[in-house]
Structures are given as structure tokens and as C-alpha cells.
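Per-entry structural report
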Amino acid sequence: MSSVPLKRFFKELPVWIVEDHHDVVCHIYRAIASRHLPLKNIKMVHLDSHPDLLIPVNMSADTVFDKDKLFSELSIENWIMPMVYAGHVSCVAWLHPYWAQQIREGEHRMTVGRDSSTTTIRLTSKDHYFLSDGLYVPERQLENAKPLRLNVVKVNPVKPSHQSFTGSKTEEDTERWFAKKARTVCSEAGEASCSKPLSRTTDTLPPAEGSNTNTTAREEEQSSNGTGLRENSDEDEEGSTSYVIKRIFSFLSETEPYVLDIDLDFFSCKNPFKELYTQEEYSILQELYSFRGPSPDADEEELDECVDHRIHQLEDLEAAFADLLEDDGEESVTRWASNPGMASLAQLVSSLKSRNSSPDYEMVHQAGLTCDSVELPHHISPDEEIDRLITAVQLCLKRLPKPTLVTMSRSSLDEYCPAEQVDSVQSRVLAVLESLYGPLDVQKDYESTSTETQDCQPQAS
């Protein structure tokens, strides 16, 4: 007599910490193999300054069924979608800080499948993030299609006056404030309406950073009740704790297993390419790689033309820089610069060579790929803002069920998370996780690979 295997639980919450974000995939696969995560329909809460939702452009879709080959094909910007096509992941909540705006806020539903014409993985979203990488195809063109529900959710840091749960205000203070608030609501609405405890997700929330308020200092003190937490006048204010929780609970139930994935660049983020090139060179890259999107009400024909034009534009640029690796003499540069849209290439090469006689044109192309409709985020947070973001995340996680697995990426060797901040951010985030979930099984996978990657260069994210 056959039966469905029982769901398994880790004794202590595992936290796998890697350097490059795509290295978390093998740990997710191990949790699937050990039946701690389901084979299908995994939910993921993904905190990051980058969506990581692109697709290896030329990878055969069938590669996802050969895990060793798949792991070798993945990169930091494209590790989630192959798991969607494989059927493992069906819902992703991308929680992003206010400075990361690569995908439109809100819910996106799309189909991910095998493009019948190219045998690669493609999808049906018309958001510019996907269009600018040439990933859109109409649904009729997809085989072995899988649905993806993507929630893009902004998380604002708490206001400067608010204390972290890990700061001077104790957990007892916070619990006492919530209890007091619950009694206040009950007395106003009648005891019959308060048979259940007051949910923290709908009442007492730090306002979003930069929100408009005319609250006086006295009102602030009265409303905070000495806890550093103030009632939010608008519980659905974009970026507030209740806003975040409401959107996550729209697809995640209290009992479902899920992966909590955290990139430490969520708290402080660099665009490493800005330090490799001058402002003039970076501006030229933005011009060369600029993406012109379709009209808002574009029909299928216009979308196809947009994607086709973008694919050819990127292929031409890739070919140009590959050729310049072999010969960046004046004749070669002039020939490529005569192509439509490439006139500024000559100025770029001249500037690069004035600083380095042998520019790394492959790296120049990688930098260019990050210059489309939205620039890579660049926001080095001061320490107090990092604390306020960590507190905001803590407030959100406190209302969510305990995750099955935590994966964490440092992103410091390629400098997306500032190297001088990463250790401090990591220790503070681990402290929050331990305060919420108890003892952790922390596995620092990056320590075994760091000596092999000292010369790491930035990758396009």
C-alpha cells in the first residue's frame, strides 16, 4: 500500500550562506531531495536589490533536468527562472528596497516554458525587465509551460525615531504595546468583535521612510507609547509592514513550506561597474545599450518587433566587443562604429585605451548589459539606515510563518554588497533570524570557496 511521504522538518532552521547568489540552488535542491521542501510549487520570499529573474539566454530548456550541467550554466542574475521551468518554484515575492525599481510594483502573472522555435526557456511577461533581455514570446509558442506568480513588494526602512527589536526596547515592551492596542480597539468596537488577537499586520506599523506626516513630537510620543512603534495612519501605505505582509499572505498560507532567501545587498548596494569606468564611459554604454520599449497598448506584432530588434542590438554589440578583443585598431573600431546606433563606440574605445592599453572588452560588454531601461541600483546605506532596514525586515518576518530553509548571499567579492559592510550586515541579520526562530544551523559555504575566487570580477546582475 503506497502513501504520500510525510513532510519532514529540520530540528534547527538551516541557514546556507554563499558568496555568489546562484550557489544557493544546490542547497534548495538538496532540501527537495530530502523531502524538507516539496518537489513542486515551492514558494520563495526573496529579499534583494536585484530581481535575479532573468534566464540564461542561450541555455537549452532541457538543461534543467541535468542538475550538474544546470549548476554550471547559472549566474547571479538568472538562477530562479530555471527552477520555475523545472516545476519546482511557482510563487516568488521579490522584496526590494526603495532604491531598486527594476520591475513594476505589484503582482505579475506569467507563463514560463520552452520556446518551440529556439528550445530555450522563455516567458510571457511584457514588463521591460524581461523585454529588454529579449525573453518575451507569446504563450502559444511555449511548450511544457509552467505558471509563475510574481509579487514585487517594496520594503521601506522604519523611520529614524523607531527602535529595533534588537535595540534598547525589549520584546516585552513591544508585546505590552500590542496588547494595549488590542484592548483599545476592543473597547471601541465592542468585545464581540475581538474574539481573536489583534493582528500586528493591520495596526501598528512603522511608517515608510519619507512618508508625509504632520504629527507633532508630542503626538509621536503618545502614539508610540514608549515602544518606538507608531500607529500607521494608512495601513496599506506602499512599503509599510502591513503592506508587505498583506501581499505575501496573498499567496503564502500559515502552514506552507517556503524558502526565505536574502541577499545582503538588500541592505546596502553598489553598482560595481561605476567604479570600473568613468562617468563619460558609463554614459556612452547607456547610450549604446539603451532599450526602447513598446507602447503601453502594444499588440503582438509590435512586441515581436521590439524583442527582435533588441536581440539583434545585443548580438551586434556582443560581436563588436568580441572582435575588439582580437583587434581594436582604428580600422576595426571605425568599421563597427559605422553600424547604426554605434557611432559613439569610437569615443568609448578611445577613452578606455587612454587609461588602459588593453581594455577588457568582455567586461565592457557585461557592464553594457546592465544599461537598459533601468540602471543598476547603487545605494551605499549609512549604518543607521541599515539598522532601520533590518528592523523593517524583522517586523515583517515576525508575522510570517517560520521558513523551511534560509539561503543567504553575501555578494561581496563582486562588490554588489560593499565589502567593508558585509560582515557586519551578515552578523546583524543572523542575530535577527535567531531572535525570531531560535537556534540556527548556520552553514558558511562561502568559506570553503573564498580562496578560489579572490580575483572575482563583477557580473551583470
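Before any of the text, the structure's been laid out above.
The sections below set out a description of the structure shown in this document. (Residues numbered from 1 in each chain as written. Predicted model: local features only at pLDDT ≥ 70, side-chain atom pairs only at ≥ 80, totals over all residues. Heavy atoms only, no water.)

Observations concerning the overall build of the chain
Test applied: Put simply, DSSP H or I for four residues or longer makes a helix, DSSP E for two residues or longer makes a strand, and each gets a number counted from the N terminus. Burial status follows relative accessibility: with a 1.4 Å probe on protein chains alone, a residue under 20% of its type maximum counts as buried, one over 50% as exposed, and anything between as partly exposed. Any pair of residues with heavy atoms lying within 4.5 Å of one another is described as a contacting pair.
Regarding its fold elements, the chain presents 16 helices and nine strands. Across the 461 residues of the chain, 54% fall into the buried class. When contacts within the chain are restricted to residue pairs at least 6 apart in sequence, those whose partners lie at least 24 apart make up 82%.

Digging into the pattern of salt bridges
Think of it this way: side chains of opposite charge can pair up when their charged atoms draw near. Stated precisely, the cut-off is as follows: The salt bridge criterion pairs a side-chain nitrogen of Lys or Arg with a carboxyl oxygen of Asp or Glu, the two atoms within 4 Å.
Under the counting rule described, the total for this entry stands at 18 salt bridges. Notably, a salt bridge pairs glutamate 107 with arginine 109, separated by 2.8 Å at the nearest N-O pair. Residue glutamate 107 is classed as partly exposed on the basis of its relative accessible area of 34%.

Description of the packing of aromatic side chains
The test is simple: Note on aromatic pairs: the rings of Phe, Tyr and Trp (six-membered ring only in Trp) are paired at centre separations within 6.5 Å, and the planes decide the class, stacked below 30 degrees, edge-to-face beyond 60, tilted for the rest. The criterion for a charge sitting over a ring is simple: Lys NZ or Arg CZ within 6 Å of the ring centre, and within 35 degrees of the ring normal.
Under the criterion given, the structure shown has six aromatic pairs. With a centroid separation of 5.6 Å and 70 degrees between ring planes, the pair formed by tyrosine 29 and phenylalanine 71 is classed as edge-to-face. Placement of the pair is tyrosine 29 in helix α1 (residues 25–33) and phenylalanine 71 in helix α2 (residues 67–73), with a sequence separation of 42 residues. Sitting above the plane of the tyrosine 446 ring, arginine 410 keeps its charged end 4.3 Å from the centroid.

Remarks on the pairing of strand β8 (residues 405–409)
To keep things clear, this is the line we draw: When DSSP finds two or more bridges between two strands, those strands count as paired.
The buried fraction of β8 amounts to five of the five residues, a majority that puts the element mostly inside the structure. Burial along β8 is two-sided: Leu405, Thr407 and Ser409 facing one way and Val406 and Met408 facing the other are all buried. When strand β1 (residues 13–18) meets β8, the two strands line up parallel, connected through four bridges. Bridge pairing links isoleucine 17 to methionine 408 in β8. Here strand β7 (residues 258–263) pairs with β8 via five bridges, running parallel. In the sheet register, leucine 260 faces β8, and the bridge partner there is valine 406.

Let's talk about a negative patch on the surface
What counts, and what does not: Each patch is built from residues lacking any salt bridge and having more than 30% relative accessible area; the joining distance is 9 Å for like charges and 5 Å for nonpolar side chains (Val, Leu, Ile, Met, Phe, Trp, Tyr). The accessible surface values rely on the Shrake-Rupley method and a 1.4 Å probe; as for residues, cover is taken only from the protein chains in view. Positive residues here are Lys and Arg, negative ones are Asp and Glu, while His and the chain termini are left out of the count. In this description, the location of a charge corresponds to atom NZ of lysine, CZ of arginine, CG of aspartate or CD of glutamate.
A cluster of acidic residues, Asp297, Asp299, Glu301, Asp304, Glu305, Asp308, Glu315, Asp316, Glu318, Asp360 and Glu362, forms a negative patch at the surface. Top element by residues in the negative patch is helix α10 (residues 300–326). It accounts for seven residues.

Quick word on the sheet that holds strand β5 (residues 121–123)
For the record, the criterion: Axes, fitted as lines to C-alpha atoms, cover a helix only where it is in contact. Angles between the N-to-C directions of the axes lie from 0 to 180 degrees.
Spatially, the nine strands line up as an open sheet ordered β5-β4-β6-β3-β2-β7-β8-β1-β9, and their pairing is mixed. Edge positions in the sheet fall to β5 and β9 (440–444), since each of these pairs with one other strand and no more. Pairwise comparison of adjacent strand axes, ignoring direction, gives a mean angle of 20 degrees for this sheet. With three bridges joining them, strand β4 (residues 106–115) and β5 adopt antiparallel strand pairing. Its bridge partner being in β5, arginine 114 is matched across the sheet by isoleucine 121. Where α1 meets the sheet, its contacts fall on β1, β2 (42–47), β7 and β8, and the angle it forms with β8 comes to roughly 170 degrees.

A few points about helix α14 (residues 383–399)
The cut-off we apply is this: Multiplying 1.5 Å by the helix residue count minus one yields the expected span of that helix.
An ideal rise of 1.5 Å per residue puts 24 Å on 17 residues; α14 measures up with 25 Å between its terminal C-alpha atoms. Residues of α14 that are buried include every one of Glu385, Ile386, Arg388, Leu389, Ile390, Thr391, Ala392, Val393, Gln394, Leu395, Cys396 and Leu397, and no others. Packing partners of the buried residues in α14 comprise β2, α7 (241–248), β7 and α15 (419–437).

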